[in-house]
Amino acid sequence: MTRPGGVWRNWGRSESVRPQRIEFPRTVEAVQRAVVAAAARRMPIKAVGAGHSFTGIAVAPGVLLELRDLSGVVSVDRERKRVTLLAGTRLHQVPALLAPHGLAMENLGDIDRQSIAGAISTGTHGTGARFGGLANQVVGATLVTASGDLLRVDETENRELLPAVALGLGALGILVEVTLQCVPAFVLHAVEQPESLDAVLAGLDDRVAAADHFEFYWFPHTDRAMTKTNTRLPESAPRHPLSPVGKWIDDTLVGSGLHQVACTTGRLVPPLVPPINRISAKVWGDREFTDGSARVFATHRSVRFREMEYALPAENVRPAFDAVRALIDDRGWRIGFPVEVRFAAADDRWLSTAHGRSSAYIAVHRYWREDPTEYFGAIEQIMLGYGGRPHWGKMHTLGADALRERYPRFDDFVALRDRLDPDRMFRNGYLDRVLGG
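In this convention, every chain numbers its residues from 1, walking through the sequence in written order. In keeping with the model being predicted, local features are shown solely for residues with a pLDDT of at least 70 and side-chain atom pairs are shown and tallied solely at 80 or more, while totals for entire chains, interfaces and linings include all residues. Hydrogens and waters are ignored; side-chain quantities use all the structure's heavy atoms.

Caption draft 1: Structural detail: the packing of aromatic side chains. Pairing of aromatic rings covers Phe, Tyr and Trp, the last through its six-membered ring, and needs centres within 6.5 Å; plane angles under 30 degrees mean stacked, over 60 mean edge-to-face, and all others mean tilted. Inspection of every chain in the model, using the stated rule, returns ten aromatic pairs. Each ring, one from W218 and one from F321, has its centre 5.6 Å from the other, and the planes form 75°; the classification is edge-to-face. Separated by 103 residues along the polypeptide, W218 in strand β15 (residues 213-218) and F321 in helix α10 (residues 317-331) bring together distant segments of the chain. For the pair W218 and F321, a shared accessibility class is recorded, and that class is buried. Seen in terms of ring centroids, W333 and Y375 are 5.5 Å apart; in terms of plane orientation they differ by 75°. Their pairing is edge-to-face. Each helix corresponds to a stretch of at least 4 residues labelled H or I by DSSP, and each strand to a stretch of at least 2 residues labelled E; elements are numbered beginning at the N terminus. For every residue, the accessible area (1.4 Å probe, protein chains only) is compared with the maximum for its type, and the residue is labelled buried under 20%, exposed over 50%, or partly exposed between those bounds.

Caption draft 2: The pattern of salt bridges, seen in detail. Only one rule defines a salt bridge in this text: a Lys or Arg side-chain nitrogen within 4 Å of an Asp or Glu carboxyl oxygen. The full count for this structure, using the stated rule, is 29 salt bridges. Of the charged contacts in the structure, one is a salt bridge between R80 and D77, with a shortest N-O distance of 3.0 Å. R80 sits in the partly exposed class, given a relative accessible area of 40%. Taking the relative accessible area as the measure of exposure, D77 reaches 27% and is therefore partly exposed. Note that R287 and E192 form a salt bridge whose closest N and O atoms lie 2.8 Å from each other. Taken together, the positions of R287 in strand β17 (residues 287-292) and E192 in strand β14 (residues 186-196) put the pair 95 residues apart, joining distant regions of the chain. Residue E192 is classed as buried on the basis of its relative accessible area, which comes to 4%. Because the salt bridges share partners, they merge into one network encompassing E307, E309, E340, R342 and K394.

Caption draft 3: Region of interest: the packing of α10 against helix α11 (residues 373-385). What counts as an axis is a line fitted to C-alpha atoms, over the stretch in contact for a helix, and the angles between N-to-C directions run from 0 to 180 degrees. As a packed pair, α10 and α11 sit with axes 10 Å apart at the nearest point and diverge in direction by 145°. The handedness of the crossing between α10 and α11 comes out as right-handed. Where α10 abuts α11, its residues A320, A323, V324, L327, I328 and R331 lie against E374, Y375, A378, I379, I382 and M383. Among the residues making up the contact of α10 with α11, the classes are represented as ten nonpolar, no polar and two charged. A crossing counts as left-handed when the near helix is turned anticlockwise from the far one by less than a right angle, and as right-handed when that turn is clockwise. Contacts are assigned to residue pairs with any non-hydrogen atoms lying within 4.5 Å of each other. Asp, Glu, Lys and Arg are counted as charged, while Ala, Val, Leu, Ile, Met, Phe, Trp, Tyr, Cys and Pro are counted as nonpolar; the rest, among them Gly, fall into the polar class.

Caption draft 4: A look at the sheet that holds strand β18 (residues 305-313). Pairing is antiparallel in the open sheet, where eight strands are placed in the order β17-β14-β16-β15-β19-β20-β18-β21. A single partner strand is all that each edge strand has here, and the edge strands are β17 and β21 (389-390). Sheet analysis places β14 next to strand β16 (residues 224-234), joined by eleven bridges and oriented antiparallel. Within the sheet, the bridge partner assigned to S196 lies in β16 and is R224. Across the sheet, α11 touches β18, β19 (339-344) and β20 (359-367), and the angle it forms with β18 is around 10°. Here, strands pair whenever DSSP counts at least two bridges between them.

Caption draft 5: Quick look at the environment of V7. If you trace the backbone, V7 turns up in the loop between β1 (2-4) and β2 (8-9). Residue class for V7 comes out partly exposed when judged on its relative accessible area of 40%. Along the backbone, V7 and E309 are 302 residues apart, and their C-alpha atoms lie at a distance of 27 Å. Apart from residues lying up to four places away in sequence, V7 is in contact with S16, V17 and R18.

See the structure below:
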């Protein structure tokens, strides 16, 4: 299906473009035809998922391939617990697709609206010091290269390319299939509670090491942290899910409705932000429940925001976080969104933010109607000083020269991009900036 280009916007409204052409391929063969046709017209071509990246990584000024119809299960290997999905499959669809086979994804982020291809290509991650990001679960992939041919990468074909293709920024080709290493279905026991920020920081290393999945949020202008600790249990463990009413109150009324009012009020009357944050720190996230893993990992987000997130060597998270707190106090800013801190294991993906090192993530947000430039710019300088690597799908200002210094396999990735896409069919402004033109 094809139609002339309308205006495409990402979820955070930080990027927009009017493509020359939009296509909705339903088959792998249709993607191949689209790439060949774009090459004949000398038009760049990009695939998009759900548009949840805050950067311009998916901006498609030429041909935009909307992959929402390229969705579903291709095959299941029950013995090895592997599932191959079409690239446009949304993360929130995956649990139901895996459930009949008694499988689950090993870890997830806290948003599940993305496509599987978009999530792995931008380095989406969850939390848990013993668990890698979503790209670390990829054991195979098929992409359409600039020539329109299929390139299969797995343990038997082009094995050496998997660490690059599994997190490829959309620069190597159009992903059409992704094979995931899954795990037996499991449940999570979740404990979410407000705590003293100083106490959380004092015991941070022990909390992270002891928990399967630990993270915390800090509301600026308060001395409180909201902690989330998830413990993995067998699928047969008793479940005590949130009641529908309780879930609606926590996630819809408080998490979305009241937070929207708080953001709007804080934007119009900045002096109200500190007292609003103090109230938010008291009413958010004081609950305990046990449910299927995907229902615990992911949360519903309806208040639009913009985000910057940096990955740091895990040992640097405390001084970097302390510097963020001091900066906000020194500048006198009124910051309504919490600062989020998560953790991940080291991995071997060439452009993973956790490549070769155990990592901690510090994420900052601004309401989408507020200009984040000054806040994000100052936070970015702190992160860079502590060895930070920016999340590829979240806002940052770095270019190829700065990024090359932070990724040992950066030049190997660029060389592979040059080989697979010599004419830059899959380029856009963002990729030109971060990889070089």
